[in-house]
Amino acid sequence: MTAIADNINDLSRQILAGNIGAGARAIRWLDDGDPRGADVLSLIFPHTGRAHLIGITGPPGAGKSSLTNTLITEQRRRGRRVGVIAIDPSSPFTGGAILGDRVRMAQHTVDPDVFIRSIGTRGQAGGLSRSSHDACLVLDAMNYDVIFVETVGVGQDEIDVVALAHTTLIIGVPGLGDEVQAVKAGLMEAGDIFVINKADRDGYDDTYRQFELMLHLRAESVSRNEIDKKASAWSPPLLRAVARRAEGTVEIVDATDAHREYLQNSGHFVKRSSHREREQFICLLREAVVDEIMEGMDEVILNRILRREIDPYTAASHELARWKGNTTS
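Residues numbered from 1 in each chain as written. Predicted model: local features only at pLDDT ≥ 70, side-chain atom pairs only at ≥ 80, totals over all residues. Heavy atoms only, no water.

A. How the structure looks around the overall build of the protein chain. Each helix and strand in the protein chain was counted, giving 14 helices and 7 strands. Relative to its 329 residues, the protein chain shows a buried fraction of 45%. A separation of at least 24 residues holds for 75% of the contacts in the protein chain among residues at least 6 apart in sequence. A total of about 16600 Å² of accessible surface is found on the protein chain, and carbon and sulfur atoms cover 54% of it. (Helix = DSSP H or I, 4+ residues; strand = E, 2+ residues; numbered from the N terminus. Buried < 20%, exposed > 50% of the residue type's maximum accessible area, 1.4 Å probe, protein only. Contact = heavy atoms within 4.5 Å. Areas by Shrake-Rupley, 256 points an atom, 1.4 Å probe, with all protein chains shown as cover.)

Below, the structure written as structure tokens:
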């Protein structure tokens, strides 16, 4: 077994060679906020942008992990190397992932062409963790063909995965009462492929009709807006699945393949990748600026706000002006 390098340059070379231990170490550094993680990322970043990122999201109890497990099997049957970033709830004591998702995919852990990593949310809203983007870059650099990003159970407007992935699968399930309500709003508008899992349950037909109606309304909305119509000619399919019996898996992978082909032919594959990196850049820049402003902030202005001598908007403008003056002087 190859020893895992501590040197940044050597570790980066091992990552590009597909070394699992090196990739795991880099992801841990990035998740922990270790500066060495950013150093590694700067070296491997030029070798990224090839993998197909597939987001899998939906309400709690939809069977996302079980479905992801069957999708891994089908992708491997097609000869593809598969990476998985499974976003789990964080332990309230350690901050680490509880690892529930990885347990459901245990059969793939001995496959050298499958890399599964659980990452805790650490309080991050939106269904992802703060290091999800960076972890995907590491797996991309390791030459994984497909990277699944499975979110924690999300609500109606927690759709960070849409900005991260090339293709977003929305998973629904019968038996939630108002099934579409659980995944509507932003998710219904942004999903690329819709899957009703646990389709052998009572209520499947009603759920299918509700999803079908919502997708019909979505298509009508797009057809009325010429800008949206020109931007996206993709018609999201509505598929059925029973993950515990691997039913519907082939059709889902066929759909994700078709969506990737559509993105590549239309130029949207590169556009979505570019948008993802732009959003990450803005997020990191915003954090850095806020941290610097807060570090040099005088506590007096906070006390003035508390005494209602100055309002928060004026105080924020004052601190921003002070920071600009310090950076230009």
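B. Structural context of the packing of aromatic side chains. All told, the structure shown has 4 aromatic pairs when counted by the stated rule. Aromatic side chains F115 and Y144 sit 6.2 Å apart centroid to centroid with 65 degrees between the ring planes, which places their arrangement in the edge-to-face category. A residue pair is termed long-range when its members are at least 10 positions apart, and F115 in strand β3 (residues 114-120) and Y144 in the loop between α6 (132-141) and β4 (146-150) qualify at 29 residues. On the basis of relative accessibility, which here comes to 2%, the residue Y144 falls in the buried class. Here the aromatic rings of F194 and F211 are separated by 6.4 Å at their centres, their planes lie at 65 degrees, and the arrangement is edge-to-face. On the criterion of sequence distance, the pair formed by F194 in strand β6 (residues 193-196) and F211 in helix α9 (residues 204-224) is long-range, its members being 17 residues apart. F211 shares its class with F194; the two are buried. (Phe/Tyr/Trp six-rings, centres within 6.5 Å; stacked < 30°, edge-to-face > 60°.)

C. Representation of the sheet that holds strand β5 (residues 167-172). As summarised here, the arrangement of the 7 strands in space is β3-β2-β4-β1-β5-β6-β7, forming an open sheet in which the pairing is parallel. Pairing within the sheet leaves two strands with one partner each, and these edge strands are β3 and β7 (238-240). Recorded for the sheet is a direction-independent mean angle of 20 degrees between the axes of neighbouring strands. Looking at chain direction, β6 and β7 are connected through 3 bridges and run parallel. Bridging from a neighbouring strand, I196 pairs with R240 of β7. (Pairing = 2+ DSSP bridges. Axes fitted to C-alpha atoms, helices over the stretch in contact; angles between N-to-C directions.)

D. Representation of the pattern of salt bridges in the model. A full pass over the atoms with the stated rule returns 21 salt bridges. A salt bridge links D111 to R76; its shortest N-O distance comes to 2.8 Å. Separated by 35 residues along the polypeptide, D111 in the loop between α5 (100-104) and β3 and R76 in helix α4 (residues 64-77) bring together distant segments of the chain. Of the residues examined, R76 reaches a relative accessible area of 23% and is grouped as partly exposed. The shortest N-O distance in the salt bridge between R322 and E319 comes to 2.9 Å. Of this pair, R322 and E319 are both found in helix α14 (residues 312-328), 3 residues apart, which corresponds to roughly one turn of the helix. On the basis of relative accessibility, which here comes to 6%, the residue E319 falls in the buried class. (Salt bridge = Lys/Arg side-chain N within 4 Å of Asp/Glu carboxyl O.)

E. Quick peek at the confidence of the model for the protein chain. Of all residues in the protein chain, 81% have pLDDT values of 70 or greater, and the mean over the chain is 84. In the predicted structure, residues 90-97 sits below a pLDDT of 50 and forms 17 contacts with residues beyond four places in sequence or in another chain. For residues 227-231, every residue scores under 50 in pLDDT, and the model assigns this stretch 5 contacts once sequence neighbours within four places are set aside. (pLDDT = per-residue confidence, 0-100.)

F. Broad picture of the pairing of strand β2 (residues 82-88). Most of β2 sits inside the fold, with 7 of its 7 residues counted as buried. On β2, burial covers both faces: V82, V84, A86 and D88 on one face and G83, I85 and I87 on the other are all buried. With 7 bridges connecting them, β2 and β3 associate as parallel partners. Paired with I85 across the strands is R117, a residue of β3. Two elements, β2 and β4, share 5 bridges in a ladder whose sense is parallel.

G. Structural detail: unusual backbone geometry. Although it is not a glycine, K198 adopts a positive phi angle of roughly 55 degrees. Tracing the backbone through its elements, the reader meets K198 in the loop between β6 and α9. By relative accessible area, K198 is classed as partly exposed at 24%. Positive phi values are uncommon outside glycine, yet A246 reaches one of about 60 degrees.

H. Main features of the side chain of H52. Mapped onto the elements of the fold, H52 is located in strand β1 (residues 52-57). Overall, H52 belongs to the buried group, its relative accessible area being 2%. Ignoring any residue separated from it by four or fewer positions in sequence, one finds H52 in contact with D145, V146, I147, H166, T167, T256, R260 and F269.

I. Region of interest: the environment of R81. Turning to its location among the elements, R81 is positioned in the loop between α4 and β2. Here the alpha-carbon distance between R81 and V114, two residues 33 residues apart in the chain, equals 6.1 Å. Ignoring any residue separated from it by four or fewer positions in sequence, one finds R81 in contact with R76, P112, D113, M142, N143, Y144, D145 and V146.

J. Inspection of α6 at higher detail. Within α6, 10 of the 10 residues are buried, leaving the element largely enclosed by the surrounding structure. Looking only at α6, the buried set comprises S132, H133, D134, A135, C136, L137, V138, L139, D140 and A141. Of the residues one or two after α6, N143 is the one with positive phi, at around 70 degrees.

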